[in-house]
Amino acid sequence: MSSRHALVETVEDAEALQAELRRLVEADVPGPEQAATVAGFDVAYDTDTDLLAGAVVVLAAPRWELIASATAAGRATFPYVPGLLSFRELPPLLEAWEAVLPQLAAPPDLLVCDGHGIAHPRRFGLACHLGVTVGLPTIGVAKTPFVGEHSAPGPRRGERAPIILDGEAVGAALRTQDGVREVYLSVGHRTNLDSACRWVLDLCPRYRLPETTRAADQLSRTALAEARLTV
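Presented here is a report on the structure given in the accompanying data block. All residue numbers refer to positions counted from 1 along the written sequence of the respective chain. Since the coordinates come from a predicted model, pLDDT governs what is reported: local features require at least 70, and pairs of side-chain atoms require 80 or more to be given and counted, while whole-chain, interface and lining totals use all residues. Excluded from the side-chain calculations are hydrogens and water; all other atoms, namely the structure's heavy atoms, are used.

**With respect to the side chain of Arg175**
Here's step 1: Think of it this way: any DSSP run of H or I at least four residues long counts as a helix, any run of E at least two long counts as a strand, and we number them from the N terminus. Relative to the helices and strands, Arg175 is located in the loop between β7 (168–174) and β8 (183–189).
Here's step 2: Taking relative accessible area as the criterion, Arg175 reaches 10% and is therefore assigned buried.
Here's step 3: Here a polar contact means two N or O atoms within 3.5 Å. Within protein one must be a hydrogen donor candidate and the other an acceptor candidate, and residues neighboring in sequence count only if both atoms are side-chain atoms. In terms of polar contacts, Arg175 uses its side chain to reach the side chain of Glu182, at 3.1 Å.
Here's step 4: Contact between two residues is taken to exist if any of their heavy atoms lie within 4.5 Å; hydrogens are not considered. Among all residues touching Arg175, those that are not within four sequence positions of it are Pro153, Gly154, Pro155, Arg156, Arg157, Gly158, Glu159, Val180, Arg181, Glu182 and Leu201. A simple rule labels every residue: compare its accessible area, found with a 1.4 Å probe on the protein chains alone, to the largest value its type can have, and call it buried under 20%, exposed over 50%, or partly exposed in between.

Below you can see the structure in the form of structure tokens.
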């Protein structure tokens, strides 16, 4: 699948590949009952150049302690196009993923992306693209909404409101802490919305964002700063 991704050079090619891979997404199956390890994925961008850095962290339950990590920096190979962000972010993320796997006895039980899954115009955001590529349960957790409409969830931790697109619930606005702004999550692959919400709450014991996202964000920023020094 990575070789096919490398052949994508135009918006038309990318949209066609999204439509093809979308058929592989399993968006309404039970997620993992137990997750001993969870991986977080994030990409940092240099706003002045095409430099970017991807980071993967793996945290272990129950305290979500870091047990493995890897980064990959380079130049963006696909332009910034809303709805096609995975074609820009997936190459460094997959490179970091391949570097982190040898550090582990087994693949993580769950993957968490800083981005969207089926809450996407073509129902195939970054979390879907990553999930079907590596074949593991994946969810997307974003800081801002992308598509659809939703009401505000209640003010207490765990309250949620569906994100509706074309009459279908494609995700949820979830309150992860009392009185704190919600996050926007959707299924990427091999899980369902209820499972996704449950795991995001478990990954947010103290802060608005999952511990996986917080750790991957910090690591990707550090990797980008180091990459800037070499260019």
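From this point on, the discussion continues.
**Description of unusual backbone geometry**
A negative phi holds for most residues other than glycine; trans holds for most peptide bonds.
Here's step 1: Cis geometry marks the peptide bond from Ala61 to Pro62, where omega comes out at 0°.
Here's step 2: The topology assignment puts Pro62 in the loop between β2 (51–60) and β3 (65–75).
Here's step 3: The residue Trp64 is not glycine, and still its phi comes out positive at about 55°.
Here's step 4: Tracing the backbone through its elements, the reader meets Trp64 in the loop between β2 and β3.
Here's step 5: Its relative accessible area of 7% is what places Trp64 among the buried residues.
Here's step 6: The phi dihedral of Asp166 falls on the positive side, at around 55°, and the residue is not glycine.
Here's step 7: Tracing the chain through its elements places Asp166 in the loop between β6 (160–165) and β7.
Here's step 8: Classification of Asp166 as exposed rests on a relative accessible area of 70%.

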